[in-house]
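The lines below spell out each chain.
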Amino acid sequence: MASEGSCLVEAMMCARDEGRLTAGVYECAKIMNDDPDSVAFCVLAMDEEFECDIALQIHFTLIQAFCFDNDISIVRVSDAQRLAELLGDKAGQLEDAHCVLITNPTEGSWEDPALEKLHVFCAESRSCHEWVPEVTLPAR
């Protein structure tokens, strides 16, 4: 099986190409509020530069609680800059990559196998009491 990091990248690229990817804490919160059933997966990105950002930590806590309440799989990555690069953010707008949502595919379309592997990974992690597992993104 491919690593969780590779599966995450594959799922995000597929979602981006299909217009099902949303980046940014506020943009993601808006989608979660407007249509929580459309959210398939959530990625939270943190790095050392933002570890002491209390406002961001509060947002993360609220997003995690929302994901738990709505059965949305969620992972954490520790390299927000790498995540931004993968999403095509060449300008270095790291704040826009702290939260990323993948929404569900449209009715009748193929399920994303990488996303399914990530859901299994999250379920297995929760069974071991690791509620927000950390995924390492593949190197450049």
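See above for the structure.
The present account deals with the structure reproduced in this document. Quick caveat: nothing in here was measured; it's all calculated off a predicted structure.

A word on the overall build of the chain
Thinking step 1. Looking only at helices and strands, the chain features five helices and four strands.
Thinking step 2. The C-alpha radius of gyration of the chain comes to 14 Å, within 12% of the 14 Å expected for a compact globule of 140 residues.
Thinking step 3. The principal-axis extents of the C-alpha atoms in the chain amount to approximately 40 × 35 × 30 Å.
Thinking step 4. In the chain, buried positions account for 45% of the 140 residues.
Thinking step 5. Here the analysis covers contacts within the chain between residues at least 6 apart in sequence; of these, 80% occur between residues at least 24 apart.

Examining the packing of helix 2 (residues 25-34) against helix 3 (residues 54-69)
Thinking step 1. Running from amino to carboxyl end, helix 2 crosses helix 3 at an angle of 25 degrees, the nearest separation of the two axes being 12 Å. Regarding the angle of helix 2 to helix 3, the classification is roughly parallel. As for how helix 2 packs across helix 3, the hand of that crossing is left-handed. Where helix 2 abuts helix 3, its residues Val25, Tyr26 and Met32 lie against Leu56, His59, Ile63, Phe66 and Cys67.

Describing unusual backbone geometry
Thinking step 1. You will see that Asp71, though not glycine, has its phi angle at about 55 degrees, which is positive.
Thinking step 2. With a phi close to 65 degrees, His129 is a non-glycine residue in the positive phi region.
Thinking step 3. Here His129 lies in the segment after helix 5 (113-127).
Thinking step 4. Using a relative accessible area of 62% as the deciding quantity, one classes His129 as exposed.

So, how was this worked out
Residues numbered from 1 in each chain as written. Predicted model: local features only at pLDDT ≥ 70, side-chain atom pairs only at ≥ 80, totals over all residues. Heavy atoms only, no water. Helix = DSSP H or I, 4+ residues; strand = E, 2+ residues; numbered from the N terminus. Rg over C-alpha atoms; globule rule 2.2 N^0.38 Å. Buried < 20%, exposed > 50% of the residue type's maximum accessible area, 1.4 Å probe, protein only. Contact = heavy atoms within 4.5 Å. Axes fitted to C-alpha atoms, helices over the stretch in contact; angles between N-to-C directions. Parallel < 35°, antiparallel > 145°, perpendicular 65-115°, else oblique. Left-handed = near helix turned anticlockwise from the far one by under 90°.

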